Every structure is written in structure tokens, then in C-alpha cells.
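The lines below spell out each chain.
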Amino acid sequence: MKTAEDARGACSEGPREIGLCLLCGLPGAGKSTFARALSHQLRLERGWAVGVVTYDDVMPDAFLEEASARPLPSQWKLLRQELLKYLEYFLMAVINGCQMSAPPNRTATMWEHFIICLKDQDLVSSAALETQSCYLLTKTAVSRPLFLILDDNFYYQSMRYEVYQLARKYSLGFCQLFLDCSLETCLQRNGQRPQALPAETIHLMARKIEKPNPEKNAWEHNSLTIQNTPCSSEASLKLTDLLLTALENPVKDIEDNVEQKETDRIICSTNVLHQADQTLRRIVSQTMKEAKDEQVVPFNLKLLAEELNKLKAEFLEDLRHGNKKYLCSQQTIHVSDVISFFHYEKDNIVQKYFSKPH
Ligand SMILES: Nc1ncnc2c1ncn2[C@@H]1O[C@H](COP(=O)(O)OP(=O)(O)OP(=O)(O)O)[C@@H](O)[C@H]1O
């Protein structure tokens, strides 16, 4: 792993450096305040392009006006996933250095807020081809290292994992900041806000929150806890180091490939098995029908059926365990090959029972 000392500045060459940093913590922990300060600092000191995406600002207002109109958790989940899709569209445009298109299925208000959020931070140009649902990226967005800071509670590990998957999909840097703040302080700050959340919600979240756990989850190893005190210079250094390390060591897709390959193998073998099973059944019943037409005596019909079913079971068993008894040294098992070999073996059996060659 490269260290932060190797980190390059704004004028780096080579592949674009893009990072996702998510903030996690209770309502009132100070995430939005922290995100604004961090983004200012990174722009100023590092010359990076930074986009803070504050979920509360982008999610449709209509849901937030009245507590009774708030969406159910399952709807929040869908909205969060929709927002991640928007981020993906933006990232694809940055990576490919092209315009950003609007996703086909989108919640109009949310998309509008998302665009405003990007424009306000000089990531999307105002002179856009919006009538065609296309958006031009600014020079800032495409020419500097870019950090997107996602500002939401992310209190379940599963919520954070969705962001990690996005980082992995595009080989981006990924890190997490946990804003550690006592429940009392959060409640007190929340109480002073014009649109305060019900205190009960914060109590509940405090009980349910799953803090980043790098010991348990390898994918959370780039995590840092920020205490609710003014940042000491040591904490500030740690933070910079975390961000640089994330940028310099994008998430690799290797583990996923191994998992994916195994999944593909299982799906593939399940399909092969299923198809083979169906086809072999048809062949057996067709052969039995022909045997009856040939007036094979009932006793022999019974023996033939037993032999064919035994052969079928052996084939399926071999396929299930990946044996290639009937398939020599071929790497890939094709259903058509299985069927050919089955026909061959079946014909050897059949000729014992049929009076004329079959
Ligand atoms: N370090 C701090 N010291 C004192 N007050 C703070 C601090 N950080 C934030 N606040 C205040 O606490 C309130 C909540 O802060 P902020 O909106 O940043 O929290 P948040 O974690 O983003 O909350 P939410 O998750 O509900 O959006 C604001 O009024 C803010 O000014």
C-alpha cells in the first residue's frame, strides 16, 4: 500500500484520483458542519475538487415538511439508492470525461436538488444542455483529484456498504468518518434547530447505530473517528492521511471477482444441471415409447426403464459433482455434449432390448 507521503497534488498525471468519503453519526453530531469545513480546507490547501452531498438537502422537501408525511424506512432506502444512482451517473461522466446524462427513472425534485448541489460546488456547469437532460461538467470536476463527501447518518453498516460497492465498481478511493458525539449533546443541539427531529428518533438511532468496525469488516479499514472537539493538529494530520491513503489506494475489484466467479460457476452449473435433467427425461420417455411401439415385452420394458433411469441418474450425479467421466478433458461442460454422450450410452443399452438395430 502506498503511504500518504507519496500523495500527489492537484496537478497529478495518470489516472484520475477520485474518492468517496462518507460521514456517519447521530443527528446533531455535527456532520454537515464538519463536511462544510473539510471541503473548504481541501479546496484551499490541496486544490482538490470537492462535492459535499448532504442527503437532507437533496431528498425531496415534500417528505420533510411534515413528520406524518415522512417516508417509511423502506422508502428512504429506495431514495438513498436512487441518490447513489445519481452519484454513479456523475462519476461515470467524470471518469469518462464526458457529459452527464440524467437517469431515465428519476424523482424530478430530487434530481433537481442534486443538480443544484453539483452546480453550487462548481462541479456541473450552469451553461448546460439541460433541455436534452445532459449536463456539462466543469473544468474543476474533470481536472483535479475529486472527493465526494456523503453527508448522511449512515447508521447501519449495510447503508455504508452500498457506497463501498460503488467505490469498488469504479475503483475509487473509499473512507469513512464517524462523528462521535454524546447522545445528550446531539439531543440538545437538535432541540435548538428550527426543524428538530423527534427526540425519540435520535434515542432510537443511538440504540441502533452500528459504528464503523474495521476489525470486523475489512472493507471498513479506512475509517476514522472524529471526536466532538475542535480538531487537534494530530487529529487533523490523521484525517489528511486517511483521505490521501484512500485516494492513493482505490478499492480493488479482486475479491469481488473471486466471489462473482464462484457465483457464476454455481449459476452456470445449476443451469446445466437443470437443462440436462429436462432433456434426459425427455430422451428416456421417448425411448420407452419407441420400445413399446417396437413391442418389447413388458418384463424387458421394465428392465430397460430401470437401466435408462440409472444411466440418467449417473450422468446427473457426475454433472453435479463436476466429474467429467463422460466429457473427457473439456474445460466447459455443454448440455449438448452431455446429451450426445447420453445418446451414445443409451443406444448401447437399447440394442440389447430392441429386436432390430436402433
Ligand atoms: N463542534 C460543534 N460545536 C458546537 N455546535 C456544533 C458543532 N457542530 C455542529 N454544531 C451545531 O449543531 C447543530 C447540528 O449540526 P449539524 O447540522 O452539522 O449536525 P448533523 O450531524 O449534520 O445533523 P443531521 O444529521 O441532523 O443533519 C447545528 O446547529 C450546528 O451549528
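Residues numbered from 1 in each chain as written. Predicted model: local features only at pLDDT ≥ 70, side-chain atom pairs only at ≥ 80, totals over all residues. Heavy atoms only, no water.

**Quick notes on the overall build of the chain**
Cut-off, in case you're wondering: Numbering goes from the N terminus for both helices and strands, where a helix is a DSSP run of H or I of at least four residues and a strand is a run of E of at least two. Relative accessibility under 20% of the residue-type maximum defines a buried residue, over 50% an exposed one, and the middle range a partly exposed one, all with a 1.4 Å probe and only protein chains included. We call two residues contacting when some pair of their heavy atoms lies within 4.5 Å. Method for areas: the Shrake-Rupley scheme with a 1.4 Å probe, in which residue coverage is limited to the protein chains shown.
Counting its regular elements, the chain contains 13 helices and seven strands. A burial count over the chain gives 43% of its 358 residues as buried. Counting contacts in the chain only where the partners sit at least 6 residues apart, residues at least 24 apart contribute 74% of the total. If you sum the accessible surface of the chain, you get close to 19800 Å²; carbon and sulfur atoms cover 52% of it.

**Regarding the site of the ligand**
Heads up, the condition is: What makes a residue near a molecule or strand is one non-hydrogen atom of that residue sitting within 4 Å of it. For this analysis, a polar contact is any N or O atom pair within 3.5 Å, provided that within protein one partner can donate a hydrogen and the other can accept it, and provided that sequence-adjacent residues contribute only side-chain to side-chain pairs. Residues are sorted three ways: Asp, Glu, Lys and Arg are charged, Ala, Val, Leu, Ile, Met, Phe, Trp, Tyr, Cys and Pro are nonpolar, and all the rest, Gly among them, are polar.
With respect to spatial proximity, 13 residues lie near the ligand, and among them Gly 30, Lys 31, Ser 32, Thr 33 and Arg 193 are the closest. At 2.9 Å, a backbone N or O of Gly 30 approaches an oxygen atom of the ligand. Asn 153 has a polar side-chain atom sitting 3.3 Å from an oxygen atom of the ligand. In the complex, 63% of the free accessible area of the ligand, which totals 630 Å², lies under the protein chains. For the shell around the ligand, the element with the highest residue contribution is helix α1 (residues 31-46), accounting for three residues. When the residues that make up the shell around the ligand are grouped by side-chain class, the tally is three nonpolar, six polar and four charged.

**Considerations on the confidence of the model for the chain**
Our working definition: A residue's pLDDT is the predictor's confidence in that residue, given on a scale from 0 to 100.
In the predicted model, the chain carries a mean pLDDT of 83, and the fraction of residues at 70 or more is 79%. A low-confidence stretch, residues 1-14 stays under pLDDT 50, and its non-local contacts, those more than four residues away or across chains, total 24 contacts.

**So, the packing of aromatic side chains**
Counted only if it meets this: Two rings belonging to Phe, Tyr or Trp (six-membered ring only in the last case) form a pair when the distance between their centres is within 6.5 Å. Interplanar angles under 30 degrees mark stacking, angles over 60 mark edge-to-face geometry, and anything in between is tilted.
Counting across every chain of the model gives 13 aromatic pairs. Here the aromatic rings of Phe 174 and Trp 219 are separated by 6.3 Å at their centres, their planes lie at 45 degrees, and the arrangement is tilted. Of this pair, Phe 174 sits in strand β6 (residues 173-180) while Trp 219 sits in the loop between α9 (199-208) and β7 (223-227), placing them 45 residues apart in sequence. You can call Phe 174 buried: its relative accessible area is 3%.

**Quick word on the pattern of salt bridges**
Note the following rule: By definition, a salt bridge exists where a carboxyl oxygen of Asp or Glu is found within 4 Å of a side-chain nitrogen of Lys or Arg.
The tally for this structure, following the rule as stated, stands at ten salt bridges. The salt bridge partner of Glu 88 is Lys 169, with a shortest N-O separation of 2.7 Å. Of this pair, Glu 88 sits in helix α4 (residues 73-96) while Lys 169 sits in helix α7 (residues 157-169), placing them 81 residues apart in sequence. Its salt-bridge partner being Lys 312, residue Asp 277 comes within 3.6 Å of it at the nearest N-O pair. Taken together, the residues Asp 277 in helix α11 (residues 254-293) and Lys 312 in helix α12 (residues 298-320) connect sequence positions 35 residues apart.

**Observations regarding the packing of α12 against helix α13 (residues 335-353)**
Which entries qualify depends on this criterion: For helices, the fitted axis covers only the stretch in contact; all axes are lines through C-alpha atoms, and the angles between them, taken along N-to-C directions, range from 0 to 180 degrees. Should an angle fall under 35 degrees it is called roughly parallel, over 145 degrees roughly antiparallel, and 65 to 115 degrees roughly perpendicular, with every other angle called oblique. Left-handed is the label given to a crossing in which the near helix is rotated counterclockwise from the far helix by less than a right angle, and right-handed is the label when the rotation is clockwise.
Between α12 and α13, the shortest axis-to-axis distance is 10 Å and the interhelical angle comes to 160 degrees. The angle between α12 and α13 places the two elements in the roughly antiparallel class. In the crossing of α12 with α13, the sense of the turn from one axis to the other is right-handed. Where α12 approaches α13, its residues Asn 300, Leu 303, Leu 304, Glu 307, Leu 308, Leu 311, Lys 312, Phe 315 and Leu 319 are matched on the opposing element by Val 338, Phe 341, Phe 342, Glu 345, Lys 346, Ile 349, Val 350, Lys 352 and Tyr 353.

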